[in-house]
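Per-entry structural report
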Amino acid sequence: MRVISEQRCFGGTQGVYAHDSAACGCEMTFGLFLPPVAERRPVPVLWYLSGLTCTHENAMVKAGAQAHAARAGIALVFPDTSPRGPGVPDHEDYDLGQGAGFYVNATQEPWAPHFQMWDYLAEELPRIVTANFALDEDRQAITGHSMGGHGALTLAMGLPGRYRSVSGFAPIAHPSASDWGRKQFTAYLGPDEAAWAGHDAALLMRQSGFDGPVLIGQPLVDQFLHLLKPEALAGAMADRRQDGAFRLQKGYDHSYFFVASFMADHVDFHAAALNA
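Below or above, wherever it landed, is the structure these notes cover. (Residues numbered from 1 in each chain as written. Predicted model: local features only at pLDDT ≥ 70, side-chain atom pairs only at ≥ 80, totals over all residues. Heavy atoms only, no water.)

1. A few points about the overall build of the chain
Across its full length, the chain holds 9 helices and 9 strands. Computed over its C-alpha atoms, the radius of gyration of the chain comes to 17 Å, within 12% of the 19 Å expected for a compact globule of 276 residues. Summarising its shape, the C-alpha atoms of the chain cover approximately 50 × 45 × 35 Å along the three principal directions. Here the chain, with 276 residues, has 60% of them falling under the buried criterion. When contacts within the chain are restricted to residue pairs at least 6 apart in sequence, long-range pairs at least 24 apart make up 73% of them. Of the accessible surface of the chain, which amounts to about 10700 Å², a share of 51% is contributed by carbon and sulfur atoms. Positive and negative charge centroids in the chain, built from 19 and 29 side chains respectively, lie 8 Å apart. (Helix = DSSP H or I, 4+ residues; strand = E, 2+ residues; numbered from the N terminus. Rg over C-alpha atoms; globule rule 2.2 N^0.38 Å. Buried < 20%, exposed > 50% of the residue type's maximum accessible area, 1.4 Å probe, protein only. Contact = heavy atoms within 4.5 Å. Areas by Shrake-Rupley, 256 points an atom, 1.4 Å probe, with all protein chains shown as cover. Lys, Arg positive; Asp, Glu negative; His and termini not counted. Charge placed at Lys NZ, Arg CZ, Asp CG, Glu CD.)

2. Here's the deal with unusual backbone geometry
Residue Pro 110 follows Glu 109 across a cis peptide bond; omega there is 0 degrees. A positive phi angle is found at Ala 170, which is not glycine, with a value near 45 degrees. Checked against the element boundaries, Ala 170 lands in the loop between β7 (166-169) and α5 (179-189). Since its relative accessible area comes to 0%, Ala 170 is described here as buried. In the Ramachandran plot, Lys 229 falls in the positive-phi region, its phi being about 60 degrees despite a non-glycine side chain. Mapped onto the elements, Lys 229 comes out in the loop between α7 (225-228) and α8 (230-240).

3. Quick notes on α8
Residues lying three or four places apart along an α-helix face the same way, a consequence of the helix completing one turn every 3.6 residues. Along α8, the residues that are buried comprise Pro 230, Ala 232, Leu 233, Ala 236 and Met 237. One side of α8 holds all its buried residues, which, seen down the axis, span an arc of 165 degrees. Opposite the packed face of α8, turned more than 90 degrees from it, sit the exposed residues Glu 231 and Asp 239. Buried residues in α8 make contact with α4 (147-158), α6 (201-207), β8 (214-219), α7 and β9 (244-249). Once α8 ends, the next one or two residues include Arg 241, with phi positive near 60 degrees. (Arc of directions from axis to C-beta.)

These results come straight from atomic positions and should not be treated as a statement about function.
Below, the structure is given as C-alpha cells:
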C-alpha cells in the first residue's frame, strides 16, 4: 500500500491510498477518513459506495461526510467503483466498464479477469484497511448512492452478520427489471437471469431481508426514478416487515446536493447501530 495523500480534516485525517489488487488484477485506489478518536483507539467504520462514473474522490469531496463522522467517531472508507488502468477493458457507454463495476464478480469476457468488485469489497479491501488502520472490524456499516446504493444493499444482505446497518441514497433498487442492471448483468454475468438474483436488492429483500436496520432515501424529482425502481424495494420491505425506514424526499434530485443534504441523518443512523 502506498500513500497518495494525507491531510488534516475536522481534527482527523483524510487519506488517499493505492495498492496492488489481487482480486482486480490492477492498482486500486481508495479514500479513508479517520476521526480524531482513532488516535486513541480503534473506531467503527462506515463504507460508502459511489455511483456510476464516480471514483473514490466524488463522495470524499462532495458528500460532506467527514464533519459528521468526526463528531460520531466513525471512520469512512471510499472505495473506487471499478478496476482501472492499462489493460483493464472499458466501453464507450458511460454505464459499462470503467466507472461502472456494479459491485459484482464478472464471469464473462472481457470483464472477468479484472471486474471482481464483489470479492474486492467483501474480502480484499477490508483485510487491507483493518490491517493498516485503527478500525474495529466487528463494528461495520455500509451505505451508498445510486449504483453504490445497489452495492451497499446487496453486500449487506449477501454477507449476513457483516454489517450492523445499511442505508442507500437513491439506490438502484431492482436492477433485474431496469436498463441500469439488465444491460450490465448481461455483460458481466451472462444472459442467465438466475445468476443475477444475488445482486438485486428487491429480490434479496423478499428472500431474506437484512438482519439489522435499513434506511433508504429516495428523492422525488430524481431524473433517474424510472431506472431505480424504488417501489419494488419499498414493497419488499413492507411485505417482509423489515426493520427500517423508506423516506420519499420532496424537491430533491439525484445529485450530490441531495446526498450532502441528508448525510448527517445517515451517519447518525449508522452511529446508533455501530455504538449500540
